[in-house]
Structures are given as structure tokens and as C-alpha cells.
Amino acid sequence: MSELEERDTYIIHRDHSQELATFASPESWHRFILQSMPNPEDNGSTVRDREVPAYLSTYKDSFGKLHTTRTTEFPSLKRSSGIWQASSYGKVVIIGLINTRVWPENESFNDRGIQPTPKRWKGNCENGTAFSLPACNKKLIRARVFNKRIIAAGRPIANYDYDSARAFKGHRTHTSFTIAGPPMPGVSHFGYARGIAQGVAPAAHVAMYKVVSAVDLV
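Residues numbered from 1 in each chain as written. Predicted model: local features only at pLDDT ≥ 70, side-chain atom pairs only at ≥ 80, totals over all residues. Heavy atoms only, no water.

Its UniProt record, at the heading Sequence similarities (unreviewed entry), says of the protein chain: "Belongs to the peptidase S8 family." (UniProt positions renumbered as here; feature names shortened; annotations may be inferred.)

Now the structure itself:
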């Protein structure tokens, strides 16, 4: 095994309120800490025993993994019992997303089996470029764009963007499905892991507010 392969990354915590009087620089302090650890796996107990000034702890860095296809497992939601079932999977809940935009024809926004819009709701959809009122339904109950500041500043709408809530990228359509997407059978990743995909609150309504346009990302 090469020297490079044997190297690991460690995170060192120190008390910034304490002075490092006996060290020429923070770098020399960190170097001393690492050299004083015969066994990094002890989380720095050896260094603490030596009472090094300002030292708190050391942890070996690690890598996290994304599990967006198993979102409901993180809060331990169970379909047959508990808060998920008690909440009727988001029924009559209205989820507002403030960020980019939406592609309303996506199956993520089909409203089959969705309850009518709650009577308390005062919002509606907004006409715009390639976006008309019929694009909304019982799932997507509001879609608005906030771009007057762009127009007032004399900045033109990008030719690949829309002067409406319609998306030029699919990011917010994706994240809104993670939150409130209805059950969609036959979903796969290029044929792998085929099954039913759905959001955490599949019975909820979605209100989309486009506050980021293409010119904001340049």
C-alpha cells in the first residue's frame, strides 16, 4: 500500500477563545496535535491527557451517503401505523416551495385521488409564457413568478427561460415530488430498482413560487 493510500483526513476541534501562546501559528498547533496521536482512533484522548492548550477533540472524517429513494426511513415513518398514517399522508396540507420553477405536465403533479383544494386557500395560478391557468389542478394549486426586479433592472429574460412559473430546469419539479409526489408505479433508474415511487406527503397540495430565474444563476 502506498503512502498516499494510507493517509486519512481528521477533523480537529479547538477552543478559539484560548490563546496558542506556545505555538508559532495555528498550523504548527495542528501539526503538533497530529504528531501527538499514536492512535488516531482514540479520538484524541492521548492529546487531552497532555493538556494541550485549546484542544477539544479529534474525529476521523467520514463520507455520507444519499438515500433519496428511502426518504421515509430517516424519520422512521411506517405506512401501517404512527404519525404518517394519522396525518393521512398529508391530506389537506398545503406545501409552499420558494425557489425556482415547475414543469406542470410532469406526472409528479397528477391529481388523481387528491382531495379538492381546501376552502381556506386564497391563492391561484398565474398566466405567463407557456403557462396558463389550466396547468394547475388539485395537486398543483398555485404557481407564481416574481421577476419584476429583473425587468425593472433592464435585464432580459433568458431565451431558454420563461416569463412564468414554468421551469427551464427540473430541479424544483424533482424536489417537490420528493416532498409531495403521488404514487408512481414502474419507476426505475435506467431499468434498475424498478418499483413505486412517491413523496413523503403524497396527498398534500403544492404551491410553487418562482423567485429564481435563469439570469440569477449566471
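So that's the structure; there's more coming.
S.K.: Give a description of the sheet that holds strand E3 (residues 94-99) that names residues and reports values.
M.R.: Within the open sheet, the three strands sit side by side as E3-E7-E4. Their pairing is parallel. Each edge of the sheet is formed by a strand with only one pairing partner; in this case those strands are E3 and strand E4 (140-145). Ignoring strand direction, the axes of neighbouring strands in this sheet form an average angle of 10 degrees. Note: E4 against strand E7 (residues 205-210), five bridges, orientation parallel. Bridge pairing in E7 places Ala143 opposite Met208. (Pairing = 2+ DSSP bridges. Helix = DSSP H or I, 4+ residues; strand = E, 2+ residues; numbered from the N terminus. Axes fitted to C-alpha atoms, helices over the stretch in contact; angles between N-to-C directions.)

S.K.: Residues and numbers for unusual backbone geometry, please.
M.R.: Even without a glycine there, the phi angle at Ala130 is positive, about 55 degrees. Turning to its location among the elements, Ala130 is positioned in the loop between E3 and E4. Residue Ala130 is classed as partly exposed on the basis of its relative accessible area, which comes to 45%. The phi angle at Ala193 is positive, at roughly 55 degrees, despite the residue not being glycine. Examined against the element boundaries, Ala193 turns out to sit in strand E6 (residues 192-197). (Buried < 20%, exposed > 50% of the residue type's maximum accessible area, 1.4 Å probe, protein only.)

S.K.: Lay out the packing of aromatic side chains in plain terms, naming residues and giving numbers.
M.R.: The tally for this structure, following the rule as stated, stands at three aromatic pairs. Measuring from ring centre to ring centre gives 5.4 Å for Trp84 and Tyr89, while their planes differ by 75 degrees; the resulting arrangement is edge-to-face. Of the two residues, Trp84 and Tyr89, both sit in the buried class. Note on Phe146 and Tyr209: the rings are 6.3 Å apart at their centroids and 40 degrees apart in plane angle, and the pair reads as tilted. Residue Phe146 is found in the loop between E4 and helix H5 (148-152), and its partner Tyr209 is found in strand E7; the two are separated by 63 residues along the sequence. Judged by relative accessible area, Phe146 falls into the partly exposed class, the value being 36%. You can call Tyr209 buried: its relative accessible area is 16%. Against the face of Trp29 rests Arg14, its NZ or CZ located 5.7 Å from the ring centre. (Phe/Tyr/Trp six-rings, centres within 6.5 Å; stacked < 30°, edge-to-face > 60°. Lys NZ or Arg CZ within 6 Å of the ring centre and 35° of its normal.)

S.K.: Any details on the pattern of salt bridges? Residues and values, ideally.
M.R.: Enumeration according to the criterion identifies four salt bridges in this entry. With a closest N to O distance of 3.0 Å, Glu107 and Arg112 form a salt bridge. Relative accessible area serves as the criterion here: at 37%, Glu107 is assigned to the partly exposed category. A residue is classified by how much of its surface remains accessible, and Arg112, at 59% relative accessible area, is exposed. A salt bridge links Arg144 to Glu126, with the shortest nitrogen-to-oxygen separation between them at 3.3 Å. Residue Arg144 is found in strand E4, and its partner Glu126 is found in the loop between E3 and E4; the two are separated by 18 residues along the sequence. Of the residues examined, Arg144 reaches a relative accessible area of 26% and is grouped as partly exposed. (Salt bridge = Lys/Arg side-chain N within 4 Å of Asp/Glu carboxyl O.)

S.K.: Before we move on, can you summarise the nonpolar core with the specific residues and values?
M.R.: With 16 residues, the main nonpolar core has Phe131, Leu140 and Val206 as its most contacted residues. Secondary-structure elements contributing two or more residues to this core are E3, E4 and E7. Once residues within four sequence positions are removed from consideration, Leu140 is found in contact with Val102, Pro104, Phe109, Cys125, Phe131, Ala135, Val206 and Met208. The next biggest cluster of nonpolar side chains, apart from the first, holds eight residues, and it includes Ile12, Leu20, Ile33 and Tyr55. (Core = buried A, V, L, I, M, F, W, Y, C linked by side-chain atoms within 4.5 Å. Contact = heavy atoms within 4.5 Å.)

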